[in-house]
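# Overview (structure and organization)
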Amino acid sequence: MKDSLGSVQSLLVLGGSSDIAVATARKLAQDKTKRIILAARPSERLDAAVTLLRSHGADVRTVDFDALDFSSHEKVLAPLFEEGDIDVVLLAFGVLGEQARDERDPLSAAQVVQTNYVGAVTSSLVCAEALRKQGHGSLVVLSSVAAERARKANFIYGSSKAGLDAFAQGLGDSLEGTGVHVMIVRPSFVETKMTTGRPKAPMSTTAEAVADGIVEGLRRNAEMIWVPAPVRFAMSAVRHLPRPVFRKVAEKQG
Amino acid sequence: MGTESLAGPESAGRTSPPTRERLSGWGRTSPSVAEVLRPRSREEIAEAVTTAGPRGIVARGLGRSYGDPAQNGGGRVLDLTGMNRILAVDLDTGQVVVEPGVSLHQLMEAMLPFGYFVPVTPGTRHVTVGGAIACDIHGKSHHADGSFAQHVVSMDLLLADGGVRTLTPESEPELFWATAGGMGLTGVVLRATLRMLPVETSRILVETKRVADLDEAMARMTETDADHRFSVASLDNLATGPSLGRGWVESGNFATVADLPAKQRENPLAFHPKPVASMPDLFPSGLLNRRTIRLMNLANFRRAPQNSHTHIASIGGFFHPLDAIHDWNRVYGPAGFLQYQFVVPFDAASTLRRIVERVAVQRAPSFVTVLKRFGPASPGYLSFPTEGWTLTYDFPTGTPGLPGLLRWMDGKVLEAGGRLYLAKDSRMSAADLEAMYPRLEAFRKVRAAADPQGVFVSDQSRRLSL
């Protein structure tokens, strides 16, 4: 159970080796989080995350979790809640894809959509039901500003996040009155391993900043956070741009 | 499920169906959703307990604990406010037999006309006897009267298996003292026999004096405690430098009829407290902040008389000033607030000073800051009061730097051999609890024997691995 100051005691991360996931888990462990479960595919990065989080005094374990193996989500995730209450579930997995390649190769586009949307839907439904049964908890869903308006340079990724974002908003509304809180995180362009080598967009951010936003949002039970915060207003303007104007602006960003 | 009750038809109210409700403590932080049942009889309580399910059950009274001890996310919560009958009264001995949902307010209304007051009252009358036992509450009279459970003659406890045991401190000291202060984790108190306090009037003769700093406050309390049943110091927690710990000390005793002015002598046991106002639920978080609390603290300090001044106060005015405003906790807005209460031994006065100093320097605003001397501890395994200084702060949760400040305070309190109060706690760590309550292991053994399956659980017991 989160305490009166919004400090988290137990955390489950889906996609536990991503930069944002590790930065968030580290900040929570430095605060008060004692029990952390990292659900991800085994990798060296995951092992490094475990070592790092343990060095901050957390009790860390890993679970083999594959976002694309939808049928396993119930079996893998539901039992984790039997071991003790989980205060926060952080849904942090996702792939950016390769827009040009994905446009040429529909199956590779499907992979992006299945990971970012379908896998996120199945795993968050499993977690939401478990949180509802315990009568409290937060589900943090990593969306993107691209969910608000996708550009021609990222519309496969963007549409998958748009779907997830809409799903998470509806899920949050449907969980009203159950004690479960859904928080959507819309970062701008994040400089991470996923984006290395790509041109930086204006108002870009870092995994550290997103993690700070998540920790702070959890304290006040925010339903939607933007990182950096002003991007909210920028996107609000962008959303209302006429299509021809938007295309010109997007062109400049590449 | 019958609504038949033991004490006659007048009590057999209709039982309302269970509801799913979002519950929090008085601080309005960390809510969770549970199935709330409102039993009206022992049988209904027993049925609710024995069919509780994997998330367990905990009893709840009037919800005045600040944090999460009377909530149970995903499980059951027994709202016992409907079990509120005074079952028997013995006017010769001053003993009453009550159901757990009887409030101290109700007891005062019923018993003051006969010259009896509750044995111990906290800062609000709106707590139930069940809650008072579960938290082994204290009041301004702790140095003279001890804690609430020390005035409990016997109680009937419903155990996890549905069986009922009658406990007295003599017959079953272990389970009695695990239940007193045990935060509802041993069972459900079905009835309790209390020893009331005989009084001549319903008024308090209060001596109030302004104190310039913490030393003066402590000296005055030490000096006046011997011949005053009630004593308390209120501090302006934001004053620094030479004014650090300034405030006012109130020392009081129940007035005798001779103390009263002629008009009050006509009805010396009158008790008609009325709520002055009700707080609407429209305050934004952050209305109570450094600036506003500084002004209020200053105004209160200035109002206190410089030289000792004696006046006659009502029970409500002296013990429960905030009860005059219904739902006063709403003034903190939706973000809520928390109360931090610790005790340190008398020889750790330097720790007390360091904490007062650090809170003032860090400008963490506290609307109510209360210092009090505790007398000897009760035998309760988890009872909070131990001999020493106890200090209470009310902090808005949004106060900048609060988590770090409180963690620093936890460390100082622990170092000094002190502890935090579970009825106020909403954020302490399991490790600190373990270190602060040396009899926790013994408590766990008694509890495990009484409730091997762990049926009685709360959000607090989960949070602290109690």
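Everything below is about the structure shown above.
An account of the accompanying structure is given in this report. (Residues numbered from 1 in each chain as written. Chains lettered and ligands numbered in written order. Predicted model: local features only at pLDDT ≥ 70, side-chain atom pairs only at ≥ 80, totals over all residues.)

### Here's the deal with the packing of helix 1 (residues 19–31) of chain A against helix 2 (residues 44–55) of chain A
Residue and element names in this part refer to chain A. Axis separation between helix 1 and helix 2 bottoms out at 9 Å; the angle between their running directions is 15°. As the angle between them shows, helix 1 and helix 2 are arranged roughly parallel. For the pair helix 1 and helix 2, the sense of crossing is right-handed. Counting all contacts with helix 1, which are made through Val22, Ala25, Arg26 and Ala29, the residues of helix 2 involved are Ala49, Leu52 and Leu53. (Axes fitted to C-alpha atoms, helices over the stretch in contact; angles between N-to-C directions. Helix = DSSP H or I, 4+ residues; strand = E, 2+ residues; numbered from the N terminus. Parallel < 35°, antiparallel > 145°, perpendicular 65-115°, else oblique. Left-handed = near helix turned anticlockwise from the far one by under 90°. Contact = placed C-beta atoms within 7 Å.)

### A short note on the interface of chain B and chain A
Opposite the 23 residues of chain B that make contact, chain A presents 16 residues. Of all the elements in the fold, those that place two or more residues in the side of chain B that touches chain A are strand 2 (32–37), helix 11 (402–415) and helix 14 (459–463) of chain B. The residue inventory of the side of chain B that touches chain A, partitioned by class, reads six nonpolar, 11 polar and six charged. (Nonpolar A, V, L, I, M, F, W, Y, C, P; charged D, E, K, R; others polar.)

### A word on helix 11 of chain B
Taking 1.5 Å as the rise per residue, helix 11 of chain B with 14 residues should run 20 Å; its terminal C-alpha atoms sit 20 Å apart, in good agreement. Where helix 11 of chain B is buried, its residues touch strand 18 (337–344), helix 10 (349–361), strand 21 (419–420) and helix 12 (430–436) of chain B. (Expected span 1.5 Å × (residues − 1).)

### Side note on the environment of Tyr381 of chain B
Position of Tyr381 of chain B among the secondary structure elements: in the loop between strand 19 (369–374) and strand 20 (388–396). Among the residues examined, Tyr381 of chain B registers 25 C-beta atoms within 10 Å and is labelled buried. (Buried ≥ 20, exposed ≤ 12 C-beta atoms within 10 Å, placed from the backbone.)

### Focus on the sheet that holds strand 19 of chain B
Residue and element names in this part refer to chain B. If you walk across this open sheet you meet the eight strands as 16-12-14-13-19-20-18-21, and the pairing is antiparallel. Strands with a single pairing partner mark the edges of an open sheet, and in this sheet they are strand 16 (309–314) and strand 21. The sheet contact formed by strand 18 and strand 20 spans eight bridges and is antiparallel. Looking at the pairing, Phe342 lines up with Leu391 of strand 20. (Pairing = 2+ DSSP bridges.)

### What to know about the environment of Thr222 of chain B
All names here are of chain B. By the element assignment, Thr222 lies in helix 6 (residues 214–224). Taking the number of C-beta atoms within 10 Å as the measure of exposure, Thr222 has 14 and is therefore partly exposed. A sequence separation of 151 residues divides Thr222 from Arg373, and the C-alpha atoms of the two residues are 7.8 Å apart.

### Details of the pairing of strand 5 (residues 86–90) of chain B
As paired strands, strand 5 of chain B and strand 6 (residues 95–98) of chain B are joined by four bridges and run antiparallel to one another. Along strand 6 of chain B, the bridge assignment pairs Ala88 of chain B with Val97 of chain B.

### So, the sheet that holds strand 6 (residues 180–187) of chain A
Residue and element names in this part refer to chain A. Taken together, seven strands build an open sheet; the order of strands is 3-2-1-4-5-6-9 and the sheet is parallel. What marks the edges here is a single partner per strand, and that holds for strand 3 (59–64) and strand 9 (224–227). The mean inter-strand angle of the sheet, taken between neighbouring strand axes irrespective of direction, is 15°. Taken together, the four bridges between strand 4 (residues 88–91) and strand 5 (residues 137–142) define a ladder with parallel strand orientation. Within strand 5, the residue paired with Val89 across the bridge is Leu139. Seen against the sheet, helix 1 touches strand 1 (10–14), strand 2 (35–40), strand 4 and strand 5 and runs at an angle of roughly 175° to strand 1.

### Examining helix 1 of chain A
All names here are of chain A. Counted at 1.5 Å a residue, the expected span for helix 1 with its 13 residues is 18 Å, and the 18 Å between its end C-alpha atoms agrees. Burial of helix 1 is extensive: 10 of the 13 residues sit out of reach of the surface. Of the residues making up helix 1, those classed as buried are Asp19, Ile20, Ala21, Val22, Ala23, Thr24, Ala25, Arg26, Leu28 and Ala29.

### Section: unusual backbone geometry
In this structure, the amide linkage connecting Val227 of chain A to the following residue, Pro228 of chain A, adopts the cis form with an omega of -10°. Residue placement: Pro228 of chain A occurs in the loop between strand 9 and helix 8 (231–239). The phi torsion at Ser30 of chain B lies on the positive side, around 45°, for a residue other than glycine. Counting through the fold element by element, Ser30 of chain B comes out in the loop between strand 1 (19–23) and strand 2. The class of Ser30 of chain B is buried, set by 28 C-beta atoms lying within 10 Å. Phi is positive for Asp327 of chain B, close to 55°, though the residue is something other than glycine. Looking at where Asp327 of chain B falls in the secondary structure, it is placed in the loop between strand 17 (325–326) and strand 18.

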